[in-house]
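# Report on the structure
Spelled out from the first residue to the last, the chains are:
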Amino acid sequence: MLPLAAAQARDYIYSDAHLHYVDFFQETQGMQALLKAMADNRIEQAMISGIPVAKKWHEDEPKRPRYYAGDDAGAYWYSATDVLVAAAVKQLPAEQRRRLHPFLSGFNPNDKNSAAHIQRMLDLDPGLWQGIGEVFTRHDDLTALIDGDTPRANNEAMAKVYRLAAKHDLPVMLHSNITSKRERNPLYLAEIEEPLGQHPQTRFIWAHAGTSAEIHRHQERLEFLLPTLERLLERYPNLYIDLSWSLLTPYLLDEQGTPRREWLRLVERYAERFMLGSDVVGRFDKLGRELHGFDGFLDALPAEVARKVAHDNFLAVLPASR
């Protein structure tokens, strides 16, 4: 652990590796609110994506839900989310555009036509898209609400997407839960591990390392998560971990807010493979708080490693042409 004075001397510059420009109703506070939040909180660069589904306001509901879990109405795949992101980014001057890194997400991961759709989107805006995702596969109760089959990260449709991503040197961010709410074992691990092995030329960013707030409501901490990550990171050099909020506690920090030594060792050992994400959804007033929440953990890392996690690693995973 670093001396307190040394830790306090650090002022981090951040790259946000996981940010949704719109919410589950495809609404947003807007680009100026986002840019102001970035400027106010030393966030130099940010991934920016849409939300690949839209929550339905059901005819029988008198009040529109505020979140996808607000009622039992379904959700449906919504390709126009990428149009909204592209339009917002393209209206900016070049200096501001360079700070934003759009990821394409508006496709159905169960549809073997999706790779062709992604190629069309790439052709429509050459050089705009710098990644694919966040792709929703296993995703808490949202999985059951989405119309159609259960999306999996290891199906044939996604295999086509991974091959296309490798062809264009695009990283892929996946939301793929490692387990269900009640199983105390890595029930769905094969769904993320199989693509890692079968597509070694594709860079995978695993959102929250398969964890979620909903899983933690039923299981406070997944004891198998750390050894699983140790094994996966050693075996698959194409795996990167998004340390967004559901990993902060109870994993990176203990109940007193003290960094856990075993997680510090893991991040230091794979210093180029971890990145920070806010995972904000359409509203940006909490953007700084989400990223600054990691400062205590970063302060306990060597300064060079902390800088990589806070800023450099996300930029390094982007296409080489950038």
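Residues numbered from 1 in each chain as written. Predicted model: local features only at pLDDT ≥ 70, side-chain atom pairs only at ≥ 80, totals over all residues. Heavy atoms only, no water.

## Notes on the layout of surface pockets
Looking at the largest pocket, its volume works out to about 950 Å³. Lining the largest pocket are 38 residues, and of these F24, Y67, W245, D279 and V281 sit closest to its centre. Per-element accounting of the lining of the largest pocket gives the leading share, three residues, to helix α9 (residues 213–218). (1 Å grid on protein atoms, 1.4 Å probe; cavity = no way out; pocket = protein on both sides within 12 Å on 5 of 7 lines; lining within 4 Å. Points joined across faces, edges and corners; volume = space filled by probe spheres on them. Helix = DSSP H or I, 4+ residues; strand = E, 2+ residues; numbered from the N terminus.)

## Brief notes about the pairing of strand β5 (residues 100–104)
Buried residues dominate β5, accounting for five of its five residues. In β5, alternate side chains face the same way, and those of L100, P102 and L104 on one face and H101 and F103 on the other are all buried. Across three bridges, the pairing between strand β2 (residues 43–48) and β5 is parallel. Counterpart to I48 in the pairing with β5 is P102. As defined by bridge partners, β5 adjoins strand β6 (residues 131–136) across two bridges and the pair is classed as parallel. By the bridge assignment for β6, L104 is matched with I132. The β-α-β motif built from β5, the intervening helix α5 (residues 114–124) and the parallel element β6 has right-handed crossover chirality. (Buried < 20%, exposed > 50% of the residue type's maximum accessible area, 1.4 Å probe, protein only. Pairing = 2+ DSSP bridges. Right-handed = clockwise from strand over helix to strand, strands pointing away.)

## Concerning unusual backbone geometry
G133 connects to E134 through a cis peptide bond whose omega is 0°. The topology assignment puts E134 in strand β6. The amide bond that connects T249 to the next residue, P250, takes the cis arrangement and shows omega of 15°. Counting through the fold element by element, P250 comes out in helix α11 (residues 248–252). In this structure, D140 takes a positive phi of about 50° despite not being glycine. Backbone geometry at D169 places phi at a positive 60°, although glycine is not the residue there. Inspection of the secondary structure puts D169 in the loop between α7 (156–168) and β7 (172–175). Overall, the relative accessible area of 25% leaves D169 in the partly exposed class.

Read these as layout, nothing more, since geometry by itself doesn't imply function.
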